[in-house]
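Topology and contacts: notes
Residue-level listing of the chains:
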Amino acid sequence: MSLFRIVLKNLRQRLLASALTSLSIALGVAVVVAILTVKEQSQAAFAQSAFGYDLIVGAKGSELQLVLNTVYHLEKSPGNIPYPLYRELSKDVRVKMAVPVAVGDSYKGFRLVGTSDRFLKNFEVQPGRSFELAAGRIFDFSEERLDHVMIAPPGHDHDAHEMPFEAVVGSAAAAATGLGVGSNFVASHGVEEGPGVEAHEEKWTVTGVLRPTGTPNDRAIFINLESFFSIRGHPKSGVEGRGPEISAIIVKTRGGRAARDLAFDLGRRADAMGVLPGAVVGRLFEWFGNVNALLLAISILVIIVGGVSILVSIYNSMSERKRPIAILRALGARRTSILAIILLEATTLCLIGGLAGVVAGHALAEAAGSVLRAQAGLSITGWTFNPFEAAVIGGLLLLGVLVGLLPAFKAYRTDISEGLNPSS
Amino acid sequence: MRALLLIAALAGCERSSAHTGAPAASESPAVVDMLEFGNFDYAERMKLPENILRWNGKRVRATGYMNPGRQVRDVKEFELVMNKDTCCYGSRPKMNHFFQVVMKDGATNFTSEPVTVTGRFVVEETWDGDWQLGLYWLKDAQVVK
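Only a predicted model underlies this, so the values are computations on that prediction, with no experimental measurement involved.

1. Some remarks on the interface of chain B and chain A
The interface is formed by 29 residues belonging to chain B together with 31 residues belonging to chain A. Taken together, the two surfaces of chain B and chain A that pack against each other cover about 2,500 Å², and 48% of this comes from carbon and sulfur. Counting across the interface, chain B meets chain A through four salt bridges. We note a salt bridge from D54(A) to R70(B), for which the minimum N-O separation is 2.7 Å. Summed over the shared surface of chain B and chain A, the number is nine residue pairs in polar contact (both at pLDDT 80 or more). Broken down by secondary-structure element, the contributors of at least two residues to the side of chain B that touches chain A are β3 (77-81) and β6 (131-143) of chain B. When residues in the side of chain B that touches chain A are grouped by element, the largest group, three residues, is from β6(B). Considered class by class, the residues forming the side of chain B that touches chain A number eleven nonpolar, nine polar and nine charged.

2. Some details on the side chain of S22(A)
Residues and elements named next belong to chain A. Structurally, S22 can be placed in helix α2 (residues 15-45). On the accessibility criterion, S22 (7% relative accessible area) is buried. Leave out the neighbours within four places in its chain, and S22 touches L349, I352 and G353.

3. Some remarks on the packing of helix α4 (residues 83-90) of chain A against helix α6 (residues 143-150) of chain A
Residue and element names in this part refer to chain A. Here α4 crosses α6 at 145 degrees, and the two axes come no closer than 11 Å. By crossing handedness, the relation of α4 to α6 is classed as left-handed. In this structure, α4 contributes Y83, Y86 and R87 to the contact, and α6 contributes E143, L146, D147 and M150. In terms of residue class, the contact of α4 with α6 is made up of four nonpolar, no polar and three charged.

4. Quick notes on helix α1 (residues 3-13) of chain A
Residue and element names in this part refer to chain A. When α1 is considered as a whole, its buried residues turn out to be I6, V7, N10 and L11. Seen end-on, α1 carries its buried residues on one side only, within an arc spanning 135 degrees. Exposed positions of α1 whose direction lies more than 90 degrees from the buried face are R5, R12 and Q13.

5. With respect to the environment of K9(A)
With respect to the secondary-structure elements, K9(A) resides in helix α1. Once the C-alpha coordinates of K9(A) and L294(A) are considered, the two residues, 285 residues apart in sequence, prove to be 39 Å apart.

6. Quick notes on empty space enclosed by the protein
Residues and elements named next belong to chain A. One pass over the full model with this rule turns up two cavities of 30 Å³ or more. As a volume, the largest cavity reaches approximately 70 Å³. N69, T70, H73, V101, V103, V113, F119, N217, S247, A248 and I250 together form the lining of the largest cavity. Elements with a contribution of two residues or more to the lining of the largest cavity: α3 (63-70), β3 (95-107) and β13 (248-253). A per-class count over the lining of the largest cavity returns six nonpolar, five polar and no charged.

7. Quick notes on the confidence of the model for chain B
Residues and elements named next belong to chain B. Scored by pLDDT, chain B comes out at a mean of 80, with 79% of its residues at no less than 70. Taken together, the stretch residues 1-24 has pLDDT below 50 and engages in 17 contacts with residues farther than four places along the chain or on a different chain. Predicted complex, confidence summary: ipTM 0.75, pTM 0.73.

8. What to know about unusual backbone geometry
Residues and elements named next belong to chain A. Residues other than glycine seldom take positive phi values, yet H73 does so here, at roughly 55 degrees. Considering the arrangement of structural elements, one finds H73 in the loop between α3 and β2 (81-82). Although it is not a glycine, E75 adopts a positive phi angle of roughly 60 degrees. In this fold, E75 is placed in the loop between α3 and β2.

9. A look at the pattern of salt bridges
A complete count under the given rule lists 24 salt bridges over all chains for this structure. One network of salt bridges, with partners in common, ties together R87(A), R118(A), E143(A) and D147(A).

10. Quick look at the nonpolar core
The nonpolar side chains of a soluble globular protein tend to be buried, and buried together. Counting 109 residues, the largest nonpolar core has V57(A), I221(A), I249(A), F99(B), F121(B) and Y136(B) as the members making the most contacts within it. Here this core gets eight residues from one element, more than from any other, and that element is β3(A). Among the nonpolar cores identified, the runner-up in size contains 30 residues, and L11(A), A333(A), L339(A) and V392(A) belong to it.

Cut-offs and rules
- Residues numbered from 1 in each chain as written.
- Chains lettered and ligands numbered in written order.
- Predicted model: local features only at pLDDT ≥ 70, side-chain atom pairs only at ≥ 80, totals over all residues.
- Heavy atoms only, no water.
- Contact = heavy atoms within 4.5 Å.
- Buried area = accessible area lost by both parts, 1.4 Å probe.
- Salt bridge = Lys/Arg side-chain N within 4 Å of Asp/Glu carboxyl O.
- Polar contact = N/O pair within 3.5 Å; in protein donor to acceptor, adjacent residues only side chain to side chain.
- Helix = DSSP H or I, 4+ residues; strand = E, 2+ residues; numbered from the N terminus.
- Nonpolar A, V, L, I, M, F, W, Y, C, P; charged D, E, K, R; others polar.
- Buried < 20%, exposed > 50% of the residue type's maximum accessible area, 1.4 Å probe, protein only.
- Axes fitted to C-alpha atoms, helices over the stretch in contact; angles between N-to-C directions.
- Left-handed = near helix turned anticlockwise from the far one by under 90°.
- Arc of directions from axis to C-beta.
- 1 Å grid on protein atoms, 1.4 Å probe; cavity = no way out; pocket = protein on both sides within 12 Å on 5 of 7 lines; lining within 4 Å.
- Points joined across faces, edges and corners; volume = space filled by probe spheres on them.
- pLDDT = per-residue confidence, 0-100.
- Core = buried A, V, L, I, M, F, W, Y, C linked by side-chain atoms within 4.5 Å.

In structure tokens:
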């Protein structure tokens, strides 16, 4: 009988104890694998660690919410800011270029971003890297038309026949929705999908599709800002008489202390604030890193506890195994074979737990991914594999050998005569 | 802290009398306090105080906070600022209140923790037309902590 068959027989005889010890290993491995899988993809989703601008101006409130909404197209907008602030900033000596942004509508879960054509033409995705079209052209935008729409008297809806309703679609949004140059679509009011979502009457035509940028912009659908404010039901003259409003302003400054200087000035206003996206995103990455490190430490601890439970389980079974071991020895098995059987048993338990943990970890990541897909629009799947998982399995084999050593030496030193003695 | 600054300053003076031109690569950086560099009312193109100019061209070691600008990872250039502007009643950021850090080689990642940077301190007013971009520079810099 081969050593491995003896090991399997031993495990079957103590099925419940074996299953429970393997389960503890599986739980730890599952958490490690799930963290690795989700971390890798969520970091890719938040890959925008460099910006083509220095400042985001938005409603007073949470800096993180403003950045998540404007940069990552997540969360809801923290509120609106006066449209004249855009004109004011455009003329500011510290500002090289400013573009207005309006958000709040979506198409099949992909957010519509009303903005100027300058955002796609003159701003960079990241320093030194421009937006590129895979097909078509950038939408038609006019500052004069925007001013005309924004200063229209209250209650007056702009004549939709004169207004181009055009869109440029990010690569991921185009792939998921099937939108291409020439396609038409109708937007939904709000950014959530589901029952009760109201569709707008207006129809946009796709004029261009962007090349992949590897940033959240791939998930956005950019529309000319004037069309956003020409939607029936979007009061361009502001809510409750507050005057025309937009969601945010993206600013490229002239450098030096300009961004901090502007943020200082905006911080003293009651109706807006300026946020340096780099600092906010940097802090976000730090939090991610800390939480990941903590979760990894906890799951490694769970694996170690699982290893110790294997040690305890096998060690405690040694007294009842004295006789079978003595019989094996009497039948000619060498001490090293007995040592190998126990070591193999411990590593097999670790390996079974590890493999079960890998499968469970990916299932867990898939479940987490589906929640993130639905709630945050992040494209995360549990079924991608990280090379580090192979290292985890290798580490488990080592752990099996380590925890098997003590009981294996106990078995190694089992005396044949003592083991065969019925009183022992 | 004052004693440390004095020792650092003396060490720096001694070296400067021994060497002219570019400092030797092996020169150990003198610890400087950024507060000293911001402790006067700066006006464009003014002659800077002697206690600032004496550091020009010297290797220094300063501690402050990173302002990452447009880049969060692989940062090759950033502003080293004295504080994180978290006080709503603080004063407007001034030109002499930050060092523009240019990394020697490689790059660093943003951290919200204080960082210590060594580099060659250079006084150089740089302009983009009528807009002043920088005054104090830390060139060939390395983040050491």
